[in-house]
Amino acid sequence: MGLTVTKLSCVRGERQVFRDLSFRVVPGEMLTLVGPNGSGKSSLLRQLAGLLEVTDGEINLDGASEDQTIADVVLYAGHLDAIKAPLSVSENLSFWAEFYGVSGIQVANALEAFSLGHLGHLPAGVLSAGQKRRLGLSRLALIDRPLWLLDEPTVSLDTASIAALGDLMRAHLNTGGSIIAATHVDLGLEGTRTLDLNSIRGAQA
Amino acid sequence: MNAFLSLVRRDVRLATRVGGGGGMAVFFFLIVLSIVPFGIGPDLNLLTRIAPGMLWVALLLSALLTLDRLFQADQEDGTLDLLILAPQPLELTVLAKAVSHWLTTGLPLVIAAPALGLMLNLPLEGMLPLMGAMLVGSPALSLLGAVGAALSVGVRRGGLLISLLVLPFYVPVLIFGVSASRAALVAVPGDLGGQSLLLLGAVSLASLVVGPVGGAAALRVAIK
């Protein structure tokens, strides 16, 4: 599913984060957002997901039916992992499967995508930061949505997990999905475009 | 429907696990009601007269105590974002949160009420009307509370704000609830107890609509 953004602006706490941002993402394409801290990468992703107010500009889905909204097509993975510490690893993921209407059989496969299968019975509270992140990211393997919005997905991941994430993203792009990700790590994906939020602001200044 | 039930199940499970804070409301209810007789003194007639009122006030305060975590816990760990983006309408998600709040707060308190009523010298014939009234009225506390909890989701230590927002709306529940619970104890002209119970039911049914719709609208504003 493609996405067209036209003259998007973002204001946070009376500060103009970015202005007149226009870009397009087509199916099978990945757009990498780069820029220093505070340049608006997370804000842009939240705006695209519909979790942050759009003060000015438009976000349109390409090829969406009339009643499809952006919430129906995105899978958002923010910098928080959305994990409940008292629940076990597999209970955490099973809940999201049920809540997003995915068959429970998929849970085991999704856990294996980040090699978490053997930790399934442990309370999520005892996991390390990297393992928690892997559990959060395993929702990408669980829930089938065409547009992924990833906010610094590689934070606290080890090399093997970064490679696993790269594989998952490549498979998603190959099946016609699209990804917008804020990351500074090279995931080894071909044909990605980069959007530098700082250069946009610099050009306006 | 599956999504709705899975959220209720998850929240009840979270509340009953260690550190989930599920027992907090019940223990607060117990503590408040066990110190009342010490504060009032050993006047049994007086205790009987104030018992329904005290039980209802304690029920209200216990419900308020746990409301501030209703959405905030989910907001802090990023769960709320994913709940909002899910296919299920946000109104149903708010309803599921309110239902699980009632199952972990309202229902245990209703069950505990007769035992604590004994401490306040509540006569046995007053127990059933009290439990009935609490069963009918307590869902309104969770449903109306969900609106307050949603409005203050972005506020750190929002408990005080929730109390200020929600308490005025709790007053009808308190008035009709106490009135319905007392009817069996005090001779009142006409069928005041029955009427109060009906009005209490009306408040609960109205909050069944107001709570989810208002809560969802408040959440949409609060996260942006």
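Residues numbered from 1 in each chain as written. Chains lettered and ligands numbered in written order. Predicted model: local features only at pLDDT ≥ 70, side-chain atom pairs only at ≥ 80, totals over all residues. Heavy atoms only, no water.

Trainee: Please clarify how the overall build of chain B should be interpreted in this entry.
Mentor: When helices and strands are counted, chain B shows 9 helices and 0 strands. Written out in order from the N terminus, the α and β elements of chain B read α-α-α-α-α-α-α-α-α. For 224 residues, the compact-globule formula gives about 17 Å, and the C-alpha radius of gyration of chain B, at 18 Å, lands near that figure. Overall size of chain B, expressed as C-alpha extent along the three principal axes, is 55 × 35 × 30 Å. Looking at chain B as a whole, 50% of its 224 residues qualify as buried. Contacts in chain B between residues at least 24 apart in sequence constitute 82% of all its contacts with a sequence separation of at least 6. Of the roughly 9,900 Å² of accessible surface on chain B, a fraction of 73% belongs to carbon and sulfur atoms. Here chain B holds 12 positive side-chain charges and 10 negative ones, and the gap between their average locations is 5 Å. (Helix = DSSP H or I, 4+ residues; strand = E, 2+ residues; numbered from the N terminus. Rg over C-alpha atoms; globule rule 2.2 N^0.38 Å. Buried < 20%, exposed > 50% of the residue type's maximum accessible area, 1.4 Å probe, protein only. Contact = heavy atoms within 4.5 Å. Areas by Shrake-Rupley, 256 points an atom, 1.4 Å probe, with all protein chains shown as cover. Lys, Arg positive; Asp, Glu negative; His and termini not counted. Charge placed at Lys NZ, Arg CZ, Asp CG, Glu CD.)

Trainee: Please explain the sheet that holds strand S2 (residues 15-25) of chain A as it appears in this structure.
Mentor: The strands making up a sheet are joined through hydrogen bonds of the backbone, oriented either antiparallel or parallel. All names here are of chain A. Spatial strand order, S2-S1-S4: 3 strands in an open sheet with antiparallel pairing. Taken across any chain shown, the strands that pair with only one partner, and hence form the sheet edges, are S2 and strand S4 (56-62). For this sheet, the mean angle separating the axes of adjacent strands, direction not counted, is 15°. Pairing of strand S1 (residues 2-12) with S2 involves 7 bridges; the strand directions are antiparallel. Residue pairing across strands places Val-5 opposite Phe-23, the latter belonging to S2. On the sheet, helix H1 (residues 41-49) packs against S1, S2 and S4 and is oriented at approximately 120° with respect to S1. (Pairing = 2+ DSSP bridges. Axes fitted to C-alpha atoms, helices over the stretch in contact; angles between N-to-C directions.)

Trainee: So what exactly am I meant to see when it comes to a nonpolar patch on the surface here?
Mentor: A grouping of B:Phe27, B:Leu30, B:Ile31, B:Ile35 and B:Phe38 is seen on the molecular surface, where their side chains present a nonpolar patch of about 570 Å² in accessible area. If you trace the backbone, B:Ile31 turns up in helix H2 (residues 24-40). (Patch = residues over 30% accessible without salt bridge, like charges linked within 9 Å, V, L, I, M, F, W, Y side chains within 5 Å. Salt bridge = Lys/Arg side-chain N within 4 Å of Asp/Glu carboxyl O.)

Trainee: Sorry if this is basic, but what is going on with the pattern of salt bridges here?
Mentor: One side chain can pair with another of opposite charge once the charged atoms of both are near each other. Enumeration over the complete set of coordinates arrives at 16 salt bridges over all chains. Where A:Glu29 meets A:Arg193, a salt bridge forms, and the shortest distance between an N and an O atom there is 2.6 Å. Within this pair, whereas A:Glu29 is found in the loop between S2 and strand S3 (30-34), its partner A:Arg193 is found in strand S8 (residues 192-196), the two being separated by 164 residues in sequence. Among the ionic pairs, A:Glu91 bridges to B:Arg13, the shortest N-O distance being 3.4 Å.

Trainee: Mind showing me how you'd approach helix H6 (residues 159-174) of chain A here?
Mentor: It helps to recall that an α-helix has 3.6 residues per turn; residues three or four apart then point in one direction. Residues and elements named next belong to chain A. The terminal C-alpha atoms of H6 lie 22 Å apart, and with 16 residues this matches the ideal 22 Å at 1.5 Å per residue to within 8%. By the burial criterion, the buried members of H6 are Ser-161, Ile-162, Leu-165, Gly-166, Leu-168, Met-169, His-172 and Leu-173. Looking down the long axis of H6, one finds its buried residues gathered within 165° of arc, a one-sided arrangement. Along H6, the residues that are exposed and aim more than 90 degrees away from the buried face are Thr-159, Ala-160 and Asn-174. Those residues of H6 that are buried lie in contact with S3, helix H5 (129-142), strand S6 (147-151) and strand S7 (178-182). Phi turns positive one or two residues past the end of H6, at Gly-176, with a value near 90°. (Expected span 1.5 Å × (residues − 1). Arc of directions from axis to C-beta.)

Trainee: Would you mind going over the environment of A:Pro36 with me for this structure?
Mentor: Residues and elements named next belong to chain A. Take Pro-36: it is sitting in the loop between S3 and H1. Given a relative accessible area of 40%, Pro-36 falls into the partly exposed group. Between the C-alpha atom of Pro-36 and that of His-184, which follows or precedes it by 148 residues, the distance is 9.9 Å. Among all residues touching Pro-36, those that are not within four sequence positions of it are Lys-41 and Asn-198.

Trainee: Where do I start with the sheet that holds strand S5 (residues 74-77) of chain A in this structure?
Mentor: Residue and element names in this part refer to chain A. Pairing is parallel across the open sheet formed by 5 strands, whose spatial order is S5-S6-S7-S3-S8. Whereas interior strands pair on both sides, the edge strands pair on one side only; in this sheet they are S5 and S8. When the angles between neighbouring strand axes are averaged without regard to direction, this sheet yields 15°. Direction of pairing for S3 relative to S8: parallel, over a ladder of 5 bridges. In the strand pairing of S8, Val-34 is matched with Asp-196. Strands S3, S5, S6 and S7 of the sheet are contacted by H1, whose axis makes an angle of about 150° with S6.

Trainee: Looking at this structure, how should I read the environment of B:Ala58?
Mentor: All names here are of chain B. Here Ala-58 is to be found in helix H3 (residues 44-67). Put simply, Ala-58 and Ala-146 are 88 residues apart on the chain and 19 Å apart in space, counted from C-alpha to C-alpha. Those residues in contact with Ala-58 that sit more than four places away from it in its chain are Phe-29, Val-32 and Leu-33.

Trainee: Looking at this model, I keep getting lost on the side chain of B:Gln72. Mind explaining?
Mentor: Within the element layout of this structure, B:Gln72 appears in helix H4 (residues 69-76). Residues contacting B:Gln72, with those up to four places away along its chain left out, are B:Ser152, B:Val153, B:Val155, B:Arg156 and B:Arg157.

Trainee: Where do I start with the nonpolar core in this structure?
Mentor: One recurring pattern in soluble globular proteins: nonpolar side chains tend to sit buried together. Grouped together as the largest cluster of nonpolar side chains are 128 residues, with contacts concentrated most on A:Phe23, A:Ile180, B:Leu55, B:Trp56 and B:Phe71. Ranked by residues supplied to this core, first place goes to helix H7 (residues 127-151) of chain B with 11 residues. Ignoring anything within four residues of it in the chain, the contact list for A:Ile180 reads A:Leu3, A:Phe23, A:Val25, A:Leu31, A:Leu33, A:Leu45, A:Leu48, A:Leu147, A:Trp148, A:Leu149 and A:Leu150. (Core = buried A, V, L, I, M, F, W, Y, C linked by side-chain atoms within 4.5 Å.)

Trainee: I keep staring at the packing of aromatic side chains and nothing clicks. Help me out?
Mentor: Residue and element names in this part refer to chain A. Tallied over the full model, the rule gives 5 aromatic pairs over all chains. Ring centres 6.1 Å apart and planes at 55° place the aromatic pair Trp-96 and Tyr-100 in the tilted group. Here Phe-99 and Tyr-100 contribute two aromatic rings whose centre-to-centre distance is 6.4 Å and whose plane-to-plane angle is 65°, an arrangement assigned as edge-to-face. The burial state of Phe-99 is the same as that of Tyr-100; both residues are buried. (Phe/Tyr/Trp six-rings, centres within 6.5 Å; stacked < 30°, edge-to-face > 60°.)

Trainee: Teacher, can you tell me more about the interface of chain A and chain B here?
Mentor: When the parts of a complex come together, some accessible area is lost, and that lost area is often taken as the interface size. The interface of chain A with chain B comprises 25 residues on the first partner and 28 residues on the second. Of the roughly 2,400 Å² buried between chain A and chain B, counting both surfaces, carbon and sulfur atoms make up 63%. Contact with chain B buries surface across chain A, with A:Leu51, A:Lys84 and A:Phe99 losing the most and accounting together for 28% of the total. Where chain A packs against chain B, one counts 6 salt bridges. The salt bridge involving A:Glu91 is made with B:Arg17; its shortest N-O contact spans 3.0 Å. Taken together, chain A and chain B are joined by 10 residue pairs in polar contact (both at pLDDT 80 or more). Of all the elements in the fold, those that place two or more residues in the side of chain A that touches chain B are H1, S5 and helix H3 (89-99) of chain A. Considering every element that reaches the side of chain A that touches chain B, the biggest residue donor is H3(A), with 5 residues. For the side of chain A that touches chain B, a count of residues per class yields 15 nonpolar, 2 polar and 8 charged. (Buried area = accessible area lost by both parts, 1.4 Å probe. Polar contact = N/O pair within 3.5 Å; in protein donor to acceptor, adjacent residues only side chain to side chain. Nonpolar A, V, L, I, M, F, W, Y, C, P; charged D, E, K, R; others polar.)

Take it as geometry only, folks, not as evidence of what the structure does.
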